[in-house]
Amino acid sequence: MTTTAAEQDASRGPLVRSAHAKGITTLTLDSPGNRNALSAGLVSELYAGLEKAAADGGTRAIVLTHTGNTFCAGADLREGGQSPGDLAAVLRTIVELPKPVVARVDGHVRAGGTGLLGACDISVAGPASTFAFTEARIGVAPAVISMPLLPRLDARAASRYYLTGERFDAAEAARIGLVTLAATGDEDVDALLAPVLDGLRRGSPQGLAESKRLVTAEVLRTFDRDTDNLAALSARLFASEEAREGMTAFLERREPSWVP
């Protein structure tokens, strides 16, 4: 009997690992067998890690990072896509957490993985990073992840990349507002991140919480207004015949039937 990559990852330990040092809790997505896809298990563990860090008085900020060459590949297509409600909940948790959440990325980010970046307060991308909104290519749409993304992205760029699924680099991600800082050339992502974390360590718990509340207010209003409708849209699209063909084609490494 064969074992799936997801089962192998689950058998070897946590899908999200936690560490703490000098006021920073680091949550590491550690499911390289499926490119840190948003499986039900990974989303559940991420949610739990965020909640635990939020309750830790010694944590000033949270760093969200990854093992392997992919930060997050988006939905776990072998599960038929993650629960839209669960994804919305974990994204909202990041946005409304009273502590800053910083993404440290040095690898590929696709589809729902970009939603994690959009939910984070600050994101730093290394030179190995690439990005793409690939939902339309498999017959769905970036519905739930639009809530943290669209308030922050350049509107023209969102139109282009949502519709075409083109891949772009860290510099372009910074230009359009997807990431805060982009390393170029031989720059080291951790060197770029260091002054950001130093600044966060110097913030008081109250000062950080209330400052974050100011900059996330519009994003949270979007969640209040759109979560139910966008979760329903996502569920409907993932259940469609077109999406089944798109996901099957992706897993079989072929073009879907609608490509001329």
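Source: prediction; values computed, not measured.

Student: Looking at this model, I keep getting lost on unusual backbone geometry. Mind explaining?
Tutor: Negative phi is the rule for most residues except glycine; trans is the rule for most peptide bonds. The phi torsion at Lys 22 lies on the positive side, around 50 degrees, for a residue other than glycine. Mapped onto the secondary structure, Lys 22 falls in the loop between strand S1 (16-21) and strand S2 (24-29). Phi angles above zero are rare outside glycine, and Arg 253 is one such case at about 55 degrees. Here Arg 253 is to be found in the segment after helix H10 (241-251).

Student: Help me understand the sheet that holds strand S4 (residues 70-72), please; the structure alone is not making it clear to me.
Tutor: Across the sheet, which stays open at both edges, the four strands sit in the order S4-S6-S8-S9 with mixed pairing between neighbours. Whereas interior strands pair on both sides, the edge strands pair on one side only; in this sheet they are S4 and strand S9 (168-169).

Student: Got a minute to help me understand the environment of Ala 232 in this structure?
Tutor: With respect to the element layout, Ala 232 can be found in helix H9 (residues 205-238). Take Ala 232: its relative accessible area is 46%, and that puts it in the partly exposed class. In this structure the C-alpha to C-alpha distance between Ala 232 and Val 144, which are 88 residues apart in sequence, comes to 9.3 Å.

Student: Even after reading the chapter, I still don't get the sheet that holds strand S3 (residues 61-66), so can you show me in this structure?
Tutor: One key point about sheets: their strands pair by backbone hydrogen bonds, in either a parallel or an antiparallel sense. Ordered by their spatial adjacency, six strands build an open sheet running S1-S2-S3-S5-S7-S10, and the pairing between neighbours is mixed. At either end of the open sheet lies a strand with only one pairing partner, and these are S1 and strand S10 (181-182). Bridge analysis of strand S5 (residues 101-105) against strand S7 (residues 122-125) gives four bridges, and the strand direction is parallel. By the bridge assignment for S7, Val 102 is matched with Ile 122. Contacts from helix H2 (residues 40-55) reach S1, S2 and S3, with the element oriented near 180 degrees to S2.

Rules and cut-offs
Residues numbered from 1 in each chain as written. Predicted model: local features only at pLDDT ≥ 70, side-chain atom pairs only at ≥ 80, totals over all residues. Heavy atoms only, no water. Helix = DSSP H or I, 4+ residues; strand = E, 2+ residues; numbered from the N terminus. Pairing = 2+ DSSP bridges. Buried < 20%, exposed > 50% of the residue type's maximum accessible area, 1.4 Å probe, protein only. Contact = heavy atoms within 4.5 Å. Axes fitted to C-alpha atoms, helices over the stretch in contact; angles between N-to-C directions.

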